Structures are given as structure tokens and as C-alpha cells.
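Observations on chain architecture
Residues per chain, in single letters:
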Amino acid sequence: MHTQPKLSLGPVLYYWAKDQLLDFYEEMAAAPVDIIYLGETICSKRNLMRTDDWFSLAERLAAAGKEVVFSTLALLEAESELKRLRRLCENGVHMVEANDMGAVQLMRGKPFVAGHSVNIYNDRTLSLLARQGLRRWVFPVELSSQTLQTMQERRPAGVETELFAFGRLPLAYSARCFTARAFNLPKDDCQYRCLDFPDGLTLAAQDDTRFLALNGIQTQSAHTFNLLPELEQVRALGVDVLRISPQANHTAKVVGLFSGCIKGEIDLITACEKLERLVPVGSCNGYWHGAAGMENRAQAAAESLM
Amino acid sequence: MELVCPAGNLPSLKAAVDNGANAVYFGFRDDTNARHFAGLNFGPAKIAEGIRYAHQRGVKVFLALNTYPQPDGWSRWQNAVDQAAELGVDAMIAADIGVMDYAANRYPELKLHLSVQGSATNYEALQFYKENFGIRRAVLPRVLSLSQVEHVVNNSPVEIEVFGFGSLCVMVEGRCILSSYATGRSPNTYGACSPASHVEWRETPEGLETRLGGVLIDRFAKGENAGYPTLCKGSFRVGGNTYHAMEEPTSLNTLELLPQLQATGVVAIKIEGRQRSPVYVQQVARVWRAALDACERDPQNYRPQAAWMAELGKVSEGTQTTLGAYSRPWQ
């Protein structure tokens, strides 16, 4: 009998208006998530929320009983970004999710979470980081359940494993802003066009197959990675935390479906059908099965039966 | 500044050495390096010969061991480190923390360079690798502007090497999985981006289509030059427009930035292209040797010669070049 996995809410990867963001977190304060990751992880130009705003939001959510973790910027290029990073790392109250090796370095000796953009592909890496203070790690999204199984067998004592379980997949980061480029704007004068795309800007192939989503300097999958159908296997692997990556609409419903299934209050098949209707484009799970990330194995299996 | 040239095989290694490289880098014939392509790289006999050839001529040899092992493949990377130490390479270029941890503990005398695939873009990250593994040098990802490079160099605990020429990664290296999203294989896991095994060329009424993992990457009219379908260089639809949404087929060329790069204190310039021919290596090494010598002699009056630019243009992707992220407007 395994303990039930906890639910976490990943950082909002998009740029939302401040009111929309605060309303969203008010809703999440009442939602059945145990852990909330907070902060801007994509672009340091997105400044509607200042560091102090994130700090006060953290207090509000902690008061609502949530474990709050500050997430750091994934791609650090400027000294001003390191300065902000140091403030987060020295906050002294909440744990930090390091999303880059610079943040890992600043957190050495203190408890920290390693995000999915820190490359932990083997147990030797995990053990070294655990000796430096790592308490939880997010499994790299491109790796399979088979690799996870070995990692779980070999993980050091006291280390929790978190899985990116729901959301558009984070695939790449660049110096270039692709949202600005889509409007023929330079990054230095981007006019914050990403505010207009609260789920990212969908990119399609020339035959109109929806493929990726542009989110500023980040590239995501157009399809939503979804591990709810794999819940039994996830449980059997002893995963500690399942992460839901926020989307502009229906995140509370998504959380509700995951939570209901974990507690056994909702039938898994019904929940999966409902969930499929809540994602912007469709779902995928190829990485979990050791295949191309964009594939949808369960769906492929179902279609082959018809 | 040192000139570090690619050696995909023995003829390329010799071409680099003979045309002015200060160092060459190579990989083994498997997924332990980021150019894991059919017919490329070195088996044991050729490695020994290549190292001898380079060392006799005063040229250093670096081994690229810069992919990320998963637990079930670990022994391949461990063997590769053992072999590197035994061969007496001048440095091992690595990305994975586990690999560096093993190398630093088992072979403290083996010099380590942090690969571009290690994805370290700031000096705090470099400090991590210096403190934990004693790395001597790091190759910076192609995401920093010139002034950001300078800032990293000024604060870095280790030597800095940057890319000068070759195929351009648009994304921060080591953290891009676009390729495995479409094909199941990425530089991190498999040592290849947009692998040839997943490429299709299809003649259709709309023109020649290139696909990767079944995804339409680009479409070319009759007579148009059809490029290899590297995912981030594809032509896609966004908001009703069809264009190169991430980047055009183009190569990085920093020839005109040489005096500035030299002034930042960068110690080495890296040339991309282990997958390219010995002729490519010969042409590029020769031009870059001449340029580096000219820049060192008289940085004030250095100008890239038209003949150099033309020579490099010929071997560039889409026959065009860019300054990439070194230049703010590109970003």
C-alpha cells in the first residue's frame, strides 16, 4: 500500500494580467492542492508582479494552508536576474525550486527542489544534489516511466519525486522571444504581447496540424501532457507529488479531477473523459511510454481497437 | 584565442590540424556524444592515430562526452570516461553531473571542460561545476549577448570558450527537447537533434515536403533549395502567417566580432560541425586561422576580409549567416 501522491500547482508559465493572476490564486487557495510553486520562471521582463508581490502572495497562500515554493527563472542571462534570484534564495521562509544550475549553486546547503529544467538523468546526479540539500526533484519531462522506475529504486533516502503530470510541455528556452517575433517586434520592444496569449500562441505546421505553443522565450507543446490515465502506474511507482501546470481556463476543474481520482471519489475513466474536454488542443503522453513526446499512446490503442 | 575545430573522423581531424587548429574535438561511435550520427566518429584504432597526429604537431585533443546517461546506459558513459583517461586526451568535454562526478573522483588528473550541453549561462552555475568537479573551462550556450558574455568572463572562476561559427542552436543547449517531442530522440538522450532516421522527403502537388517524425517542417516549390528539416528552422503557421517562426536556415558567423570577443577575455573560439565533411573543416579552419592571426596582430584595424566571408558563406546553412544572440536585435 503506497501513500497517496500529493498534488502541486506548478508556476504560471504565461504572462497574465495581475488581477487575473491574483484571482486565480484566490481560487487555488481553496482548491485541493497541497503545494503551490510561485514566481516568474520564463521572462524577467514580465514585471506586473514584483518580488515583494510574490512574497505577499506567498504569505496569503501559506495562511490558507499551502506549502509555498518559490520557482526561479529557467534561463539566467543578466546580472539583474541573478540579483532577483539571490533575493528569492535568501527569503528564509519558503523553499526554492531551482530551475537552473546557478540557483542550485546559490541553494547549496539549504533545502531545495530541483525543477524539470535541471538535468537529473541518472541516480549519480540525484545523489550528488541530495548531498547538497535537494529535498525534492521534478523528473525530466522527456524521460520514460521505465527510467523513472529505476530512479525510484535508487533514489537517496529523504528525497521526494515529483512528476510533471498535466500541462503543455516545457520543451525549450531561447534568447529570442518568439511571441515578439510573431509580431515583428524586437525583444527589447516586445510591447508585452504575451499578455494577449494566456495559454501561449499556438503554432501549426503548414498542413494545419497544431504542433507547438510559443510562450515568449519558451517553446511548449501544443498538446497537453496528461498522466491522469496512468494514475495506477504512477501510484505503484511511489511518486510523491503530481504537478499540474496552470492553464488559463478550468485549472480548478483539472485539480478537482486529479484530486477526486487520487482519493478514489471519482471513477478514473469518467474523469479522463472530462479532462480531455478541458485542454486547449488535445492531450499527449508519448514521453511516458518512451516514445515521441507528441504521441498519444492510450488514444492510439483505443483507435486501433475500433 | 585558441581555435577549437570539429573532427568527425580522421580525415577531418587531419584537415583541422593541418589548417591551423589549436585544438580538435571528437567523440566515440555511440550515444555518449552529441553528434551520434551513422558513419561518424572514432573507433579505438583511429582515435589513437588521431591523437598521435595532433600531438606530434602540437595540437590538443578534446573528447566530447556530452550527453546525459540514464541509469540503464550508465556503463557506456563510465567506460567512455575510463577510455578517455587511458588515451591521454587533453580534456574531456562533459555535460552530465553524474559523469563529471565519476571522472573527477576516479581520474583527478583528467582535465574537464563543461560542454555547451551543460547549459550554464551564468557565473553562479560555473561556480557549481568548478567547486564540485574542478572544471577548467566552460563553453557558453549561444544565448548571451556580447556584453553578457563579457560579464560572465569577468566573473567566471574558469576559462570561457564560445561558439564562433557553424550551425546555430536557437534554443539554450542542453535544455531543448523539441527533437524528442517529434521523434523520441534528443541531443540529451540520444546525441542527435532532428535525427536523419526520422526524416522524410515527399514530392507532393504542393511541392517537396520535408517531415520530421511525420510533422511537416517545410515545403519547397520546384527549383527552390530544400534544406534539411531541423525542427527549429522550419516554416510554420502562427496567427495566420506562414514563416520561419523560430529561426531561418542560417549559420552563426562571428568573424566581425573577433576584436570584441578577444577584448572580453574569451580564451577559445569553437567551430561547430563534426557532422560536416573534411573539406568544410579545411576551409573553415583556414579562414578562422587567418582571421585570428590578423586580429591578434592588430585588433584596432582588424576587418573581416570579403574573401573570408564569401568562403564561410558557401559552407553555411541556407548560405546565410547571422550574429545570433551576440547581437541584441536578433533576440
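About the thresholds
- Residue positions are counted from 1 within each chain, in the order its sequence is given.
- All chains are assigned letters beginning at A, and all ligands numbers beginning at 1, according to the order in which they are written.
- It should be noted that, the model being predicted, local features are given only for residues of pLDDT at least 70 and side-chain atom pairs only at 80 or more, the latter also being counted only at that level, while totals for whole chains, interfaces and linings use all residues.
- Under the definition applied here, buried Ala, Val, Leu, Ile, Met, Phe, Trp, Tyr and Cys residues are grouped into a nonpolar core through C-beta atoms within 7 Å.
- Backbone-placed C-beta atoms define the burial measure: a residue is buried with 20 or more other C-beta atoms within 10 Å of its own, exposed with 12 or fewer, and partly exposed in between.
- Domain boundaries shown here were taken from an automatic or database domain assignment.
- Distance between backbone-placed C-beta atoms decides contact: two residues are in contact if it is within 7 Å.
- Any residue outside Ala, Val, Leu, Ile, Met, Phe, Trp, Tyr, Cys, Pro, Asp, Glu, Lys and Arg is labelled polar, Gly included; the first ten of those are nonpolar and the last four are charged.
- By this definition, two strands are paired if DSSP reports at least two bridges between them.
- Per the convention used, a helix needs a DSSP run of H or I reaching at least four residues, while a strand needs a run of E reaching at least two, with both numbered from the N terminus.
- The handedness of a crossover follows from its direction of travel: if, with the strands pointing away from the viewer, the path from the first strand over the helix to the second runs clockwise, the crossover is right-handed.
- Per-residue confidence from the predictor is given as pLDDT, running between 0 and 100.

**A closer look at the nonpolar core**
- Counting residues in each nonpolar core, the largest one holds 201 residues, and the members touching the most others are A:Ala114, B:Val24, B:Leu65 and B:Met92.
- Each of domain 1 (2-168 + 250-330) and domain 2 (178-243) of chain B accounts for three or more of the residues forming this core.
- Among residues more than four places away in sequence, those in contact with B:Leu65 are B:Thr32, B:Asn33, B:Trp77, B:Ala80, B:Val81, B:Ala84, B:Met92, B:Ile93, B:Ala94 and B:Val99.

**Regarding the interface of chain A and chain B**
- If you look at the interface, chain A gives 55 residues, while chain B gives 55 residues.
- Residues of the side of chain A that touches chain B, tallied by class, amount to 29 nonpolar, 14 polar and twelve charged.
- Both strand S8 (residues 201-204) of chain A and strand S11 (residues 236-238) of chain B contribute to a ladder of two bridges, which runs antiparallel. Directly across from A:Ala204, in S11(B), lies its bridge partner B:Arg237.

**Remarks on the pairing of strand S6 (residues 134-138) of chain A**
- Among the five residues that make up S6(A), four are buried, leaving the element largely enclosed by the rest of the structure.
- In this fold, the crossover linking strand S5 (residues 112-114) of chain A to S6(A) by way of helix H5 (residues 123-131) of chain A has right-handed handedness.

**Things to note about the pairing of strand S11 (residues 241-244) of chain A**
All names here are of chain A.
- Relative to S11, strand S1 (residues 6-9) runs parallel, the two sharing four bridges. Residue pairing across strands places Ser-8 opposite Arg-243, the latter belonging to S11.
- The sheet contact formed by strand S7 (residues 160-173) and S11 spans four bridges and is parallel. Counted as the bridge partner of Leu-163 is Leu-242 from S11.

**Regarding the domain arrangement of chain B**
Residues and elements named next belong to chain B.
- What the domain assignment reports for chain B is domain 1 (2-168 + 250-330) and domain 2 (178-243).
- For domain 1 versus domain 2, the separation of C-alpha centres amounts to 27 Å.
- By residue class, the composition of the side of domain 1 that touches domain 2 is three nonpolar, five polar and three charged.

**Some details on the confidence of the model for chain B**
- For chain B, per-residue confidence averages 96 on the pLDDT scale, and residues scoring 70 or more make up 100% of the total.
- Predicted as a complex, the structure gets a pTM of 0.97 and an ipTM equal to 0.96.

**Here's the deal with the environment of A:Gln220**
Residue and element names in this part refer to chain A.
- Within the element layout of this structure, Gln-220 appears in strand S10 (residues 218-226).
- C-beta crowding within 10 Å serves as the criterion here: with 26 such atoms nearby, Gln-220 is assigned to the buried category.
- Residues contacting Gln-220, with those up to four places away along its chain left out, are Arg-168, Leu-169, Pro-170, Leu-171, Gly-200, Leu-212, Ala-213 and Asn-215.

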